[in-house]
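Each chain is listed here by its residues.
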Amino acid sequence: MEPQEHESGPPATSGRVWEIEESLTVPLPPEAVYAVVADVRRMKEWSPEVFAIWPRGRSFVGFNRRGPWVWFTTCRIVTADPGREFAFDVTSFGLPIARWGYRLTPAEEGTVVTEYWNDRRRDGWRRRVAEVLGLVFTGTPPAQRAARNRHGMRTTLVRLRAACGGAP
């Protein structure tokens with residue numbers, strides 16, 4: 001089963017996508033998949049951008065790379081519901097950036113893993129500062145962020161399935 005996509009947020013006329021999700025079936029029960037995604041140190045195994053994680057209790061620092069760009073983010077775990085959902089909020093220099101998460105749904109073939117991303121750079125001066133920082137550190141203009149993340153999510157889910165014993 002290939003990743004499936006979903007979008008939501010403000011109307012498409014705004015030109016900006018604020019929320020996306022991708023889903024893929026993994027051949028393990030939800031509790032086993034949860035144990036894998038909730039071990040944040042393993043993110044570097046499947047994420048195409050994460051190259052290191054520094055865990056600190058319910059928080060962690062993620063070190064990311066894409067081409068010549070390298071950046072870090074501070075993440076705080078906000079949902080830790082074994083077998084159901086794991087999510088974390090991402091900030092940069094104290095500014096809200098995004099919420100990333102994984103919802104797990106039992107399926108006949110194992111677990112449907114839905115990775116989701118919600119852009120939290122929505123209004124005011126914080127939005128403008130966060131968008132400039134995002135462009136400088138990642139090289140990605142705000143209007144292209146959802147498309148880039150969607151591509152990364154598809155890669156992440158395929159690698160996650162392989163890490164859980166499924167076909168790549």
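Everything that follows concerns the structure shown earlier in this document.
Residues numbered from 1 in each chain as written. Predicted model: local features only at pLDDT ≥ 70, side-chain atom pairs only at ≥ 80, totals over all residues. Heavy atoms only, no water.

## Considering the overall build of the chain
- Counting secondary structure elements, the chain contains 4 helices and 8 strands.
- Along the chain, helices and strands appear, N-terminal first, in the series β-β-α-α-β-β-β-β-β-β-α-α.
- Taken against the 2.2 N^0.38 rule, which gives 15 Å for 168 residues, the C-alpha radius of gyration of the chain at 15 Å falls within 12% of a compact globule.
- Considering only C-alpha atoms, the chain reaches an extent of 45 × 40 × 30 Å along its principal axes.
- The proportion of buried residues among the 168 residues of the chain is 43%.
- Considering only contacts in the chain between residues 6 or more positions apart, those separated by 24 or more positions represent 49%.
- A total of about 8,600 Å² of accessible surface is found on the chain, and carbon and sulfur atoms cover 55% of it.
- Side chains of the chain give 24 positive and 19 negative charges; the mean places of these two sets differ by 9 Å. (Helix = DSSP H or I, 4+ residues; strand = E, 2+ residues; numbered from the N terminus. Rg over C-alpha atoms; globule rule 2.2 N^0.38 Å. Buried < 20%, exposed > 50% of the residue type's maximum accessible area, 1.4 Å probe, protein only. Contact = heavy atoms within 4.5 Å. Areas by Shrake-Rupley, 256 points an atom, 1.4 Å probe, with all protein chains shown as cover. Lys, Arg positive; Asp, Glu negative; His and termini not counted. Charge placed at Lys NZ, Arg CZ, Asp CG, Glu CD.)

## Some thoughts on the nonpolar core
- If you look at the biggest cluster of nonpolar residues, it comprises 32 residues, and the most contacted ones within it are Met43, Phe60, Phe86, Phe88, Val113 and Leu160.
- Looking at which element gives the most residues to this core, the answer is strand β7 (residues 95–107), with 6 residues.
- The contacts of Leu160, once residues within four sequence positions are left out, are Val36, Val37, Trp46 and Val113. (Core = buried A, V, L, I, M, F, W, Y, C linked by side-chain atoms within 4.5 Å.)

## Structural notes on the pairing of strand β2 (residues 19–26)
- Burial analysis of β2 places 6 of its 8 residues in the buried class, the great majority of the element.
- Pairing geometry for β2 and strand β8 (residues 110–119), over 8 bridges, is antiparallel. Within the sheet, the bridge partner assigned to Ser23 lies in β8 and is Thr114. (Pairing = 2+ DSSP bridges.)

## With respect to the pattern of salt bridges
- Under the definition given, this model contains 9 salt bridges.
- For Glu22, the salt bridge is made with Arg150, and the minimal N-O distance between the two is 2.7 Å. Here the residue Glu22 occupies a position in strand β2, and Arg150 occupies one in helix α4 (residues 145–163), the gap between them amounting to 128 residues. Here Glu22 matches Arg150 in class, with each residue buried.
- A salt bridge links Asp89 to Arg99; its shortest N-O distance comes to 2.5 Å. Taken together, the positions of Asp89 in strand β6 (residues 85–92) and Arg99 in strand β7 put the pair 10 residues apart, joining distant regions of the chain.
- Residue class for Asp89 comes out buried when judged on its relative accessible area of 6%.
- Shared partners join several salt bridges into a network, and the residues in it are Arg76, Asp89, Arg99 and Arg120. (Salt bridge = Lys/Arg side-chain N within 4 Å of Asp/Glu carboxyl O.)

## Here's the deal with the packing of aromatic side chains
- Evaluation of the coordinates by the stated rule reveals 7 aromatic pairs.
- Aromatic side chains Phe63 and Phe72 sit 6.5 Å apart centroid to centroid with 40 degrees between the ring planes, which places their arrangement in the tilted category.
- The class of Phe72 is partly exposed, set by a relative accessible area of 39%.
- Their ring planes at 55 degrees and their centres at 6.2 Å tell us that Phe86 and Phe88 sit as a pair that is tilted.
- Judged by its relative accessible area of 2%, Phe86 is buried.
- An aromatic cluster is present here, built from Tyr34, Phe60, Phe86 and Phe88 joined pairwise through their rings.
- Above the face of the Trp54 ring, Arg56 is positioned so that its terminal group lies 5.1 Å from the ring centre.
- Seen from the ring of Phe51, Arg65 lies directly overhead, with NZ or CZ sitting 4.1 Å from the centre. (Phe/Tyr/Trp six-rings, centres within 6.5 Å; stacked < 30°, edge-to-face > 60°. Lys NZ or Arg CZ within 6 Å of the ring centre and 35° of its normal.)

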